[in-house]
Amino acid sequence: MEQKKLDAIIFDVDGTLTNTAPRQEQWFKHWSEVNNITWPFSDFDEFLTVYNDTLARSENVLDGVQTFYDSVGLPCNMKDRNHRVWPAYEAFQHDNPTGLYDGIKEAVSTIHELGSLTKDSSNTRRIRLGIVTNNLWSSVYRELLKAQILPFFDVQVGAEMLDLYHGYSNGNSLKKPSKISLNIALDTLGARGQHTMHVCDTRYDLHASRNILRTNGNHENLITVGVAWGYEGKEKLSNGIESPSGERHRFDHIIDEPSELVPLVKTYLGQK
């Protein structure tokens, strides 16, 4: 592999850093009880299969989640932050924090150390680690703080920031998977797309990572790393995704375990 300098690494949260699927099932069950709706799934595996399939068939993750709510008969409006589902969900998140996938903390802490300044005088700025999430930063903050992983990150782009960029406190159209949210992250990180790694778990994240229009007018591609332990799994990630123009995008790398991220970063840094 041709050696490339890394400016930054952008991490997705749900399905990449944190194992949110079990809590999602708990939430939907809870919201069903609150709304006197019969829960239609017999076990977690059945729920997860239907949930993941619904997301995969949808145009984007937000539409997929909305479709799932609708299919179960649960009240929700993903585009309206004033809908009663949001305070209920945020309260549930607060009371039911999720955990990191096994090996994530070790991988991120090692990568943070690898990105430190060295004796090489041309290395004038450490590798920055960033987070891009659709969730409220207030909830992500609590979970990453509890997991003792928060100090390793330098930048966050969460729902609150996207609302501010949108200007009318409705940043749903800017949420990931979106080239806009990634562009905001790159600007905040002070990073170049071709020297930034995007660690994520869906093909829609892959599509958003390609041909990003930067504020300086340049079009840039991120280095994409698909994680097979996330929402879509290795088979779907391996298929890549077709763009509206008919071009098929594929991940630069797909990894099965968090520990595989460390040697991959070392390779890009030219380290053994």
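Since we're looking at a predicted model, the values are computed, not measured.

Caption draft 1: Main features of the overall build of the protein chain. Helix and strand content of the protein chain: eleven helices and ten strands. Dimensions of the protein chain, computed from the C-alpha atoms along their principal axes, are close to 65 × 40 × 35 Å. A buried classification covers 53% of the 272 residues belonging to the protein chain. Contacts spanning at least 24 positions in sequence make up 71% of the contacts within the protein chain whose residues lie at least 6 apart. Of the accessible surface of the protein chain, which amounts to about 13,000 Å², a share of 48% is contributed by carbon and sulfur atoms. Here the protein chain contributes 28 positive and 36 negative side-chain charges, whose respective centroids are spaced 6 Å apart.

Caption draft 2: Highlighting the packing of helix α1 (residues 21-34) against helix α2 (residues 44-57). Two elements in contact, α1 and α2, have axes separated by 10 Å at closest approach and are oriented at 95 degrees. As judged from the angle between their axes, α1 and α2 are roughly perpendicular. On α2, the residues that touch Ala-21, Pro-22, Gln-24, Glu-25 and Phe-28 of α1 are Phe-44, Phe-47, Leu-48 and Tyr-51. The residue inventory of the contact of α1 with α2, partitioned by class, reads seven nonpolar, one polar and one charged.

Caption draft 3: Main features of the side chain of Ser-178. Within the element layout of this structure, Ser-178 appears in the loop between α7 (159-166) and α8 (179-189). Looking at Ser-178, its side chain comes within polar contact range of the main-chain nitrogen of Ile-180, at 3.0 Å. Residues within four places of Ser-178 in sequence aside, it is in contact with Ser-173 and Ala-208.

Caption draft 4: Layout of the sheet that holds strand β2 (residues 128-132). Taken in spatial order, the six strands make up an open sheet running β3-β2-β1-β4-β7-β10, and their pairing is parallel. Edge positions in the sheet fall to β3 (155-157) and β10 (253-255), since each has one partner strand and no second. For this sheet, the mean inter-axis angle between neighbouring strands, taken without regard to orientation, is 20 degrees. Judged from the three bridges that link them, β2 and β3 form a sheet pairing that is parallel. Note that in β3 the partner of Ile-131 across the bridge is Gln-156.

Caption draft 5: Layout of α7. Listed as buried for α7 are Ala-159, Leu-162 and Asp-163. The arc enclosing the buried residues of α7, seen along the axis, measures out at 105 degrees, which places them on a common side. Facing away from the buried surface of α7 by more than 90 degrees, the exposed residues are Leu-164 and Tyr-165. Structurally, α7 contributes buried residues whose contacts are with β3 and α8. Phi turns positive, to about 100 degrees, at Gly-167, one or two residues after α7.

About the criteria used
Residues numbered from 1 in each chain as written. Predicted model: local features only at pLDDT ≥ 70, side-chain atom pairs only at ≥ 80, totals over all residues. Heavy atoms only, no water. Helix = DSSP H or I, 4+ residues; strand = E, 2+ residues; numbered from the N terminus. Buried < 20%, exposed > 50% of the residue type's maximum accessible area, 1.4 Å probe, protein only. Contact = heavy atoms within 4.5 Å. Areas by Shrake-Rupley, 256 points an atom, 1.4 Å probe, with all protein chains shown as cover. Lys, Arg positive; Asp, Glu negative; His and termini not counted. Charge placed at Lys NZ, Arg CZ, Asp CG, Glu CD. Axes fitted to C-alpha atoms, helices over the stretch in contact; angles between N-to-C directions. Parallel < 35°, antiparallel > 145°, perpendicular 65-115°, else oblique. Nonpolar A, V, L, I, M, F, W, Y, C, P; charged D, E, K, R; others polar. Polar contact = N/O pair within 3.5 Å; in protein donor to acceptor, adjacent residues only side chain to side chain. Pairing = 2+ DSSP bridges. Arc of directions from axis to C-beta.

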